[in-house]
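# Per-entry structural report
Okay, here's what each chain looks like letter by letter:
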Amino acid sequence: MEADAERESAEQALAATDPGEAARKRDPLRRMLRFYRTAKRTAWNIDDLPWDAEPPVPRHETERWNLLWSSVVQQQLQADRTAVAAASRLLLDVPDMEAKLYYSTMVQDEARHLEGWTRLAEQLQPVDGFSPYFDELSHMLFNSEMIEERVLVFQVLFEGCALEAFREISKATEKTILGAMANKLLIDDAIHHRSGVTYEEHLLARASPSLKRHLSEVLKKYTPVYIANLTWRPPVRRWLSRTLAEHDKYIVHRNQTLINTAVTDLGLKAPFDI
Ligand SMILES: [Fe+2]
Ligand SMILES: [Fe+2]
């Protein structure tokens, strides 16, 4: 750890005096190595969560709230099942050594998340919280052979928007195991998202105009399913639908804006007409 810190401060000192070094540091593959080192440094253990000190979720002794939070945990469990599979496939498929090293850390992160959701789910009432629309999005992702599509959809878009969801969960679940988990995921997924943006930049710099056009077309296929998933509620949370109708509209607009910005920043066509 100390050696890493020393190397990074030495690199910073070099970059300040050597413009060539500064340019090399901006190189996406060099940045992937930095994400690899950061991910290793910030890796945590699921036993670090307050399993014996805090309640699993807010108001867990009330049946209605226990079921509500249980369905939130199930949805996160569903998402991280996809994340483990998507990260593992990227680890096997990416051609660059720097990216391979980075994805080796991401597979471990996503497996740890799945471990955490599985343990947390055990402490709550069982409930069906899996979204059929998320399953559809996962199938679309798994059916793609294009690394450019998988990094863009999974890390740049899904994980970018998931950060906002974790912020909301974290605010509503202070002093619970779920809250502690959300805070850990905010750190991990910020790295997953930023590394995805970086690697996508590297991939697109080598992509043909026709591949970029194809990617823009492909995104249009994801968008209706994505919005259907965003506004879907499991049966145990349907009683909130009317109360949260305005909030739902805000979330849809916020995520559409986030996605359009992330996609256009990469030089691709915005998928949402807003
Ligand atoms: Fe995850
Ligand atoms: Fe992630």
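Everything below is about the structure printed above this text.
Presented here is a report on the structure given in the accompanying data block. (Residues numbered from 1 in each chain as written. Chains lettered and ligands numbered in written order. Predicted model: local features only at pLDDT ≥ 70, side-chain atom pairs only at ≥ 80, totals over all residues. Heavy atoms only, no water.)

### Remarks on the coordination of the iron ion (ligand 2)
The expected angle between donors at a tetrahedral four-coordinate metal is 109.5 degrees. At an octahedral six-coordinate metal it is 90 or 180 degrees. Distances from the iron ion (ligand 2) to its protein donors, namely Glu110 (OE), Glu159 (OE), Asp189 (OD) and His192 (ND1), fall within the range 1.9 to 2.3 Å. Here the iron ion (ligand 2) binds four donor atoms, and the angle range of 86 to 171° at the metal identifies the geometry as irregular. Ordering the donors of the iron ion (ligand 2) by residue number gives the pattern E-x48-E-x29-D-x2-H. Here the iron ion (ligand 2) and the iron ion (ligand 1) are spaced 3.4 Å apart, with Glu110 acting as a shared donor. Taken together, the positions of Glu159 in helix 7 (residues 147–172) and Asp189 in helix 8 (residues 177–205) put the pair 30 residues apart, joining distant regions of the chain. The exposure classification of Glu159 matches that of Asp189, with both residues buried. (Donors = N, O, S within 2.8 Å, 3.2 Å for Na, K, Ca; no water. Tetrahedral: all angles 85-135°; square planar, octahedral: opposite > 155°, others 65-115°. Helix = DSSP H or I, 4+ residues; strand = E, 2+ residues; numbered from the N terminus. Buried < 20%, exposed > 50% of the residue type's maximum accessible area, 1.4 Å probe, protein only.)

### Re the environment of Thr176
Within the secondary structure layout, Thr176 lies in the loop between helix 7 and helix 8. In this structure Thr176 comes out as buried when scored by relative accessible area, which is 3%. Linking Thr176 and Pro56, residues 120 residues apart in sequence, is a C-alpha distance of 5.4 Å.

### Focus: the coordination of the iron ion (ligand 1)
The protein atoms donating to the iron ion (ligand 1) are Asp80 (OD), Glu110 (OE) and His113 (ND1), with metal-donor distances spanning 2.0 to 2.2 Å. Going along the chain, you hit the donors of the iron ion (ligand 1) in the pattern D-x29-E-x2-H. Note on Asp80: relative accessible area 6%, which makes it buried.

### Quick notes on the pattern of salt bridges
All told, the structure shown has 11 salt bridges when counted by the stated rule. In this structure, Arg254 and Glu168 form a salt bridge, with 3.7 Å as the shortest nitrogen-oxygen distance. Remark: Glu168 occurs in helix 7 and Arg254 occurs in helix 10 (residues 245–265); sequence separation between them is 86 residues. The shortest N-O distance in the salt bridge between Lys220 and Asp273 comes to 3.8 Å. Linking Lys220 in helix 9 (residues 209–231) with Asp273 in the segment after helix 10, this pair joins segments that are 53 residues apart in sequence. A relative accessible area of 74% places Asp273 in the exposed class. Through salt bridges with shared partners, a single network forms among Asp109, Arg112 and Asp188. (Salt bridge = Lys/Arg side-chain N within 4 Å of Asp/Glu carboxyl O.)

### Brief notes about the packing of helix 7 against helix 9
Two numbers describe how helix 7 lies on helix 9: the axes approach to 11 Å, and their chain directions differ by 45°. Relative to helix 9, helix 7 is oriented oblique. The way helix 7 lies across helix 9 gives a crossing that is right-handed. Of the residues in helix 9, those touching helix 7 at Glu148, Glu149, Leu152, Val153, Leu157, Phe158 and Cys161 are Leu211, Leu215, Val218, Leu219, Tyr222 and Tyr226. (Axes fitted to C-alpha atoms, helices over the stretch in contact; angles between N-to-C directions. Parallel < 35°, antiparallel > 145°, perpendicular 65-115°, else oblique. Left-handed = near helix turned anticlockwise from the far one by under 90°. Contact = heavy atoms within 4.5 Å.)

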